[in-house]
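# Structural features, examined
What follows is the residue order along each chain.
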Amino acid sequence: MVKIISSREGGYMISFSENQTEEEWNLIRQAKELERKQKAEQYAEANQPSLKGGIDWNFFKTGKRSQPVSETLKSLLDSDGDGYLNPDEWINIIKDTCIYDNDSHAAFTSLVNWNNNLYVAFREAGSHMGSATDRGRIIVMVYDNKRWETSATFSVDGLDLRDPCFVKWGERLLLYTSYRFSEFTKSGWTELQETKHNAPHSLSIWKIRPYKNELYGIGHRWNMWPILMKSKDGLNWEVVCEYQIGGNATEADLLFVKDKMYVCFRVEIPEGSHSVFGESSYPFSKTKLTEMNISVSSPEMIFASSNTILLSGRELVFDKTTRILERMVSIFAIDKKGNVKGRYVINKEAKDQGYGSFYREDKKRFLMTYYEGTNKTRIHLVSFLINNKFK
């Protein structure tokens, strides 16, 4: 009897038998990736012929088109005309350090301070996407005695663990990854436990955040509407509401400020599509959504001041003249409506990068992890300051 396994590759669930060769697996992956790109082009051409493959199209069922935007992001607050904010205008990068390089694909970071110890979690595998012979594991490292040391590793037979997320919830520290979670105790990390939910289909919950006595996160699945989920115990999850956002909205982050919830979505089709920003009030069942003028994958948000939210991720910039899509790791300063106030590019040299995570040390000083590289990638830690005059 042939066992059938599934892996999410290029936005599709690919099934293959465990006796297939790596060459056969790669052929399947290439075919699905070509199919995905063709469908994206067809969707873009049908919905907005003038911007085939572009980023300016309507996500909502209003019948109205988005307002035109400049061809590149050079129109963002830019004092010297080079398309980038000068560091001394709002952000000062203190140091950018590689903290993990194991000649592997290390990616998808989460950063937290727990009991005055700094922890970082990330996925390590042979490549960005899993295969029959390459399954990701989660590594947790702690900064101790002025060096990074491995605190724990997690792996599950036959499962590609991805997208770890630390959650500080009262007196508890949790780590979520691929429908599972572990808790940090006096004896160390517990075994991964599978979560349960009442959503109408299978999903992944991305970037889980605490609000008072509950946890919230956006559940997503390819070609399904994203769903706001909540939990009272971290194990059992229930549906709060559904977001009808087109373009296959997937990765999303939540930020709670008093009784307000802010959300930022990645939109995958066409590649380079504008992100979507939302604002909601408790019980968060209704959200006002607006299209941003930037495209950010793996969004991560943190509250910087009464008027400023920091947003990081893999930025995608599509040039309609050259038809080139550039990728880079960027930090944005946005207001509570999702409008961009400032932008700074951390890394634009690597082909595969992003998935940052913030930690705030004090009023001005922040830390952020991210990954960068090509087939082999490394984990970085960035320390930076936000200028008071910018706030």
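Please read all numbers here as calculations on a predicted model, not as lab measurements.

So, how was this worked out
- Residues numbered from 1 in each chain as written.
- Predicted model: local features only at pLDDT ≥ 70, side-chain atom pairs only at ≥ 80, totals over all residues.
- Heavy atoms only, no water.
- Pairing = 2+ DSSP bridges.
- Helix = DSSP H or I, 4+ residues; strand = E, 2+ residues; numbered from the N terminus.
- Axes fitted to C-alpha atoms, helices over the stretch in contact; angles between N-to-C directions.
- Core = buried A, V, L, I, M, F, W, Y, C linked by side-chain atoms within 4.5 Å.
- Buried < 20%, exposed > 50% of the residue type's maximum accessible area, 1.4 Å probe, protein only.
- Contact = heavy atoms within 4.5 Å.

### Quick look at the sheet that holds strand β18 (residues 249–257)
Spatial strand order, β18-β19-β20-β21: four strands in an open sheet with antiparallel pairing. Edge strands, defined here as strands with exactly one partner in the open sheet, are β18 and β21 (287–291). Each neighbouring strand pair of the sheet contributes to a mean axis angle of 20°, computed without reference to strand direction. Bridge count for β18 against strand β19 (residues 260–267) is seven bridges, and the pairing is antiparallel. Bridge pairing links A249 to V267 in β19.

### A closer look at the nonpolar core
Among the nonpolar cores identified, the biggest contains 18 residues, and Y100, V120, F122, M141, W148 and I379 are the most heavily contacted of them. For this core, the elements supplying multiple residues, two or more each, are β3 (91–100), β4 (105–114), β5 (117–125), β6 (137–144), β27 (365–373) and β28 (377–386). Every residue in contact with I379, bar those within four places of it in the chain, is listed here: T97, C98, I99, Y100, A106, A107, T109, F122, Y370 and Y371.

### Describing the sheet that holds strand β23 (residues 308–319)
With antiparallel pairing, the four strands of this open sheet are ordered in space as β22-β23-β24-β25. The open sheet is flanked by β22 (296–305) and β25 (340–347), the only strands paired with a single partner. Across the sheet, the mean angle from the axis of one strand to that of its neighbour is 35°, orientation sign disregarded. Judged from the six bridges that link them, strand β24 (residues 324–334) and β25 form a sheet pairing that is antiparallel. Along β25, the bridge assignment pairs V329 with N347.

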